[in-house]
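Now for the letters of each chain:
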Amino acid sequence: MDKSKLAVDTYEKIAEKYAQQYFDDLADVPYIDKFLEKLSINGRILDVGSGPGQFAKHMLEKGFEVIGVDFSKEMVEIAKNKVPNVEFRHMDMRQLDFPDSSFDGVFSAYSLIHIPSEEVLKTLQGFHRVLKAGGYVEIAVQKGEADKIIDEPFMPTEKMFFNFFTEVRIASYLKEAGFTIESQEIMSIVDAETMSDKVIYTIARK
């Protein structure tokens, strides 16, 4: 079973509900801005697992050029409608279709959690490949257990694959992929749909 495909198939069904719940949620913004401060203004950012486009919208408004990719066609269509000034593409984050050294920054919020542990390193190596030398990546993941298939909170009749992390675990994957860790922060959350009460934000440099 392709567990990432299982997650995408469920997202196709819950995309509208997800967008309604999270598009206007600004809780992540202070942590995103710390990442953006490290990049040159007008820098080019790849938003991996861009969902309904809320983070791409924020980065665009901050003066960056943004391309968003998502494996869910429904999410891509929602993002195109909500944020028409950003280019969104349907793409599997495990196989990024961009030349080497294409971006100043790679941003991934709540998307690596749908990649099975055995594919995380390869996925992060792909992030490393498309980043320019000296570029930055920010990964936001929920804290918790690895590799679980559970009922989807937005639609309990459907299954969802989650791969949560600890600070040490996500940092070790990033280091193995060739990154240098710059910072890690944890935000406490209260959200029944996330299946976790903490988010780990890791910024690393190529």
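The structure we're discussing is the one just above.
Each chain has its residues counted from 1, following the order in which its sequence is written. Totals for whole chains, interfaces and linings use all residues, but because this is a predicted model, local features are given only for residues with pLDDT of at least 70 and pairs of side-chain atoms are given and counted only at 80 or more. The side-chain figures draw on all heavy atoms in the structure; neither hydrogens nor water molecules are used.

Pairing of aromatic side chains here covers Phe, Tyr and the six-membered ring of Trp, requires ring centres within 6.5 Å, and sorts the geometry by plane angle: under 30 degrees stacked, over 60 edge-to-face, intermediate tilted. Per the stated rule, a full pass over the model turns up 6 aromatic pairs. Ring centres of Tyr-31 and Tyr-201 lie 4.1 Å apart, and the angle between their planes is 0 degrees; on these two criteria the pair is classed as stacked. Residue Tyr-31 is found in helix H2 (residues 29-36), and its partner Tyr-201 is found in strand E9 (residues 198-205); the two are separated by 170 residues along the sequence. Like Tyr-201, Tyr-31 is buried. Helix numbers and strand numbers start at the N terminus; a helix is a DSSP run of H or I with at least 4 residues, a strand a run of E with at least 2. Each residue is placed in one exposure class: buried if its accessible area under a 1.4 Å probe, protein chains only, is under 20% of its type's maximum, exposed if it is over 50%, and partly exposed if it falls in between.

Turning our eyes to something else, we now look at the packing of H2 against helix H3 (residues 54-61). Angles run from 0 to 180 degrees between N-to-C directions of axes, and those axes are lines fitted to C-alpha atoms, restricted for helices to the stretch in contact. Contact geometry for H2 and H3: axes closest at 11 Å, N-to-C directions at 50 degrees. The pairing of H2 with H3 is recorded here as oblique in orientation. Crossing geometry of H2 relative to H3 is assigned as right-handed. Here H2 contributes Val-29, Ile-32, Asp-33 and Leu-36 to the contact with H3, which in turn contributes Phe-55, His-58 and Met-59. Put simply, Ala, Val, Leu, Ile, Met, Phe, Trp, Tyr, Cys and Pro go in the nonpolar bin, Asp, Glu, Lys and Arg in the charged bin, and everything else, Gly too, in the polar bin. By residue class, the composition of the contact of H2 with H3 is 5 nonpolar, 1 polar and 1 charged. Each angle is binned into one of four classes, with values under 35 degrees roughly parallel, values over 145 roughly antiparallel, values of 65 to 115 roughly perpendicular, and all other values oblique. Handedness of a helix crossing follows the sense of rotation of the near helix relative to the far helix, less than a right angle counterclockwise being left-handed and clockwise being right-handed. Here, two residues are considered to be in contact whenever any of their heavy atoms come within 4.5 Å of each other.

Attention now moves to the side chain of His-58. Position of His-58 relative to the elements: it lies in helix H3. Look at His-58 and you get buried, because its relative accessible area is 16%. Beyond its immediate sequence surroundings of up to four residues, His-58 is in contact with Val-29, Ile-32, Asp-33 and Leu-36.

What follows is about unusual backbone geometry. For Asn-42, which is not glycine, the phi dihedral falls at a positive 75 degrees. Tracing the backbone through its elements, the reader meets Asn-42 in the loop between H2 and strand E1 (44-48). Even without being glycine, Ser-101 reaches a positive phi, approximately 55 degrees. Structurally, Ser-101 can be placed in the loop between strand E3 (87-90) and strand E4 (103-109).

Whether parallel or antiparallel, the strands of a sheet pair through hydrogen bonds between backbone atoms. Judged by pairing direction, the sheet is mixed, and its 7 strands sit side by side in the order E3-E2-E1-E4-E5-E9-E8 without closing on themselves. Sheet topology places E3 and strand E8 (180-188) at the edges, where each strand pairs with a single neighbour. Between one strand and the next, the sheet's axes are offset by a mean angle of 15 degrees, whatever the strand orientation. A strand pair is defined by DSSP finding two or more bridges across the two strands. Across 5 bridges, the pairing between E1 and strand E2 (residues 65-70) is parallel. Among the inter-strand pairings, Ile-45 is bridged to a residue of E2, identified as Val-66. Sheet contacts for H2: E1, E4, strand E5 (131-142), E8 and E9; angle to E5, the most-contacted strand, approximately 170 degrees. Contacts from helix H6 (residues 167-176) reach E5, E8 and E9, with the element oriented near 155 degrees to E8.

Once that is clear, we can look at H2. Counting buried positions along H2 gives 6 out of 8 residues, so the element sits mostly inside the fold. Of the residues making up H2, those classed as buried are Val-29, Tyr-31, Ile-32, Asp-33, Phe-35 and Leu-36. In this structure, the buried residues of H2 make contact with E1, H3, E4, E5, E8 and E9.

Summarising the element assignment, Asp-33 is placed in helix H2. On the basis of relative accessibility, which here comes to 16%, the residue Asp-33 falls in the buried class. Beyond its immediate stretch of four places on either side in the chain, Asp-33 contacts His-58 and Lys-62.

Glancing now at the pairing of E3. Across 4 bridges, E2 lies against E3 in parallel orientation. By the bridge assignment, Ile-67 is partnered in E3 with Glu-87. You can see the chain leave E2, run along helix H4 (residues 73-82) and come back into E3, and the turn it takes is right-handed. If you view a crossover with the strands going away from you and the path from the first strand over the helix to the second runs clockwise, you call it right-handed.

Shape is all these values report; function is a separate question.
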